[in-house]
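Architecture and fold: a report
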Amino acid sequence: MALDLPLANRSYPIWQAVPMGIRTTVNAVRAMGQAVAGAIMGNQPGIQVTGPIGIYTMTTEAAKTGLSRLVEFTAFLSLNLFLVNLLPLPALDGGRVIFVILEWVRGGRKIAPEKEGAVHAIGMLLLIGLMVVVTVMDYMRYFG
């Protein structure tokens, strides 16, 4: 059940708006992290994943409500992309961080580039497969 709450646009001076924006961003990142942690630990029912079709649909809905809501939604998408990119999965930046940490733990000895490349290639194939599955599920959710 969706709540239709009235939304108000307010203007703030720049010296108030910037700290408020930073606080809002930090709170959003924290909430996303808690949602992911809750889903992994089983404390939360789960996270709904959507692909390009769902993102397009949600962006269209946000655009209908006005430019400021569209900008907020775009910022929300950017934060999500930032967090997903930091996941320790091969082919993502978080996966590269894992290899850097492994190199540090090994005293600076590098992992063979062929092995690291193979891990990232397999990770990329799995991510592409996941994107296909999510897109098919999106299609079935919105058109099926």
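Heads up: the structure comes first, above all this text.
Only a predicted model underlies this, so the values are computations on that prediction, with no experimental measurement involved.

Focus: the layout of surface pockets
Each pocket or cavity is described by its volume, and for the largest pocket that value is around 1400 Å³. In terms of lining, the largest pocket is formed by 34 residues, of which the most central are Gln48, Val49, Thr50, Asn80 and Val84. Among the elements of the structure, α1 (14-41), α2 (52-64), α3 (67-85) and α5 (113-143) are those that each provide at least two residues to the lining of the largest pocket. Broken down by element, the residue count for the lining of the largest pocket peaks at 8 residues, all from α3. Considered class by class, the residues forming the lining of the largest pocket number 25 nonpolar, 9 polar and no charged. When its volume is computed, the second largest pocket comes out at roughly 570 Å³. Met20, Gly21, Thr24, Arg69 and Glu72 are, among the 17 residues lining the second largest pocket, the residues nearest its centre. Listed by contribution, the elements that provide at least two residues to the lining of the second largest pocket are α1 and α3. At 7 residues, the largest contribution of residues to the lining of the second largest pocket is made by α3. Looking at the lining of the second largest pocket residue by residue, the classes come out as 9 nonpolar, 5 polar and 3 charged.

Examining unusual backbone geometry
At alanine 91, a position not held by glycine, the phi torsion is positive, near 85°. Mapped onto the elements of the fold, alanine 91 is located in the loop between α3 and α4 (93-105). Among the residues examined, alanine 91 registers a relative accessible area of 27% and is labelled partly exposed.

The rules behind these values
- Residues numbered from 1 in each chain as written.
- Predicted model: local features only at pLDDT ≥ 70, side-chain atom pairs only at ≥ 80, totals over all residues.
- Heavy atoms only, no water.
- 1 Å grid on protein atoms, 1.4 Å probe; cavity = no way out; pocket = protein on both sides within 12 Å on 5 of 7 lines; lining within 4 Å.
- Points joined across faces, edges and corners; volume = space filled by probe spheres on them.
- Helix = DSSP H or I, 4+ residues; strand = E, 2+ residues; numbered from the N terminus.
- Nonpolar A, V, L, I, M, F, W, Y, C, P; charged D, E, K, R; others polar.
- Buried < 20%, exposed > 50% of the residue type's maximum accessible area, 1.4 Å probe, protein only.

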